[in-house]
Amino acid sequence: MDAINITGLVATGFHGVFPEERVEGQRFVVDAELLLPLDTQSDDLANTVNYAEIAGMIRTEVEGEPCQLIETLAGRIADRCLSHPLVQQVRVTVHKPQAPVPHEISDLSVTITRSSHEQRSF
């Protein structure tokens, strides 16, 4: 399986459990690996995934409706990526470098992997 990778997309979101996270917002960083068959012969954008559009969709999710957990945000991003008919699997990492934890950390992240054929029931 081939892959398109988007690494280090930065956007401001208002996700978190604490009220101040919902008011002040913070920086989130997203990595996405999209697995799909890549047409390396046609050289036609119509036969692949436009990574600029995918990056825009990811940014829209980060800047959009707040959620408490970055797990939920990662799931929303994965669903959006899988909405493209060519994408068969996606691996999404949401980094929350300024997570309010009582310890010194350089990063906190959640990674999920989803497939287009999975049916999730949580």
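Residues numbered from 1 in each chain as written. Predicted model: local features only at pLDDT ≥ 70, side-chain atom pairs only at ≥ 80, totals over all residues. Heavy atoms only, no water.

In the nomenclature of an unreviewed UniProt entry, the protein chain corresponds to 7,8-dihydroneopterin aldolase from the organism Arachnia rubra. According to the UniProt record, the Sequence similarities (unreviewed entry) comment for the protein chain reads "Belongs to the DHNA family." (UniProt positions renumbered as here; feature names shortened; annotations may be inferred.)

This paragraph deals with the UniProt feature "domain: Dihydroneopterin aldolase/epimerase" (unreviewed entry) in the protein chain. UniProt tags residues 4-114 as "domain: Dihydroneopterin aldolase/epimerase" (unreviewed entry). Here residues 4-114 runs as 29% helix and 31% strand, with 15 Å between its end C-alpha atoms. (Helix = DSSP H or I, 4+ residues; strand = E, 2+ residues; numbered from the N terminus.)

Turning our eyes to something else, we now look at the pattern of salt bridges. Under the criterion given, the structure shown has three salt bridges. Two residues, R59 and E63, come together in a salt bridge whose shortest N-O distance is 2.7 Å. Residue R59 and its partner E63 are located together in helix α2 (residues 51-63), separated by four residues, close to a single helical turn. Taking relative accessible area as the criterion, E63 reaches 38% and is therefore assigned partly exposed. Across the pair R80 and E61 runs a salt bridge whose closest N-O atoms are separated by 2.9 Å. Residue R80 is found in helix α3 (residues 70-82), and its partner E61 is found in helix α2; the two are separated by 19 residues along the sequence. A relative accessible area of 29% means that R80 is categorised as partly exposed. When its relative accessible area of 15% is taken as the criterion, E61 is described as buried. (Salt bridge = Lys/Arg side-chain N within 4 Å of Asp/Glu carboxyl O. Buried < 20%, exposed > 50% of the residue type's maximum accessible area, 1.4 Å probe, protein only.)

Across the seven residues of strand β3 (residues 89-95), five count as buried, placing the element largely inside the fold. As defined by bridge partners, strand β2 (residues 26-36) adjoins β3 across seven bridges and the pair is classed as antiparallel. Residue pairing in the sheet places A32 in a bridge with V92 of β3. (Pairing = 2+ DSSP bridges.)

A few words now on α3. Helix length check: α3, at 13 residues, gives a terminal C-alpha distance of 18 Å against a target of 18 Å (1.5 Å per residue), a fit within 8%. Looking at α3, one finds that the buried residues are I70, L73, A74, G75, I77, A78, C81 and L82. Contacts from the buried residues of α3 go to β2, α2, β3 and β4 (109-115). (Expected span 1.5 Å × (residues − 1). Contact = heavy atoms within 4.5 Å.)

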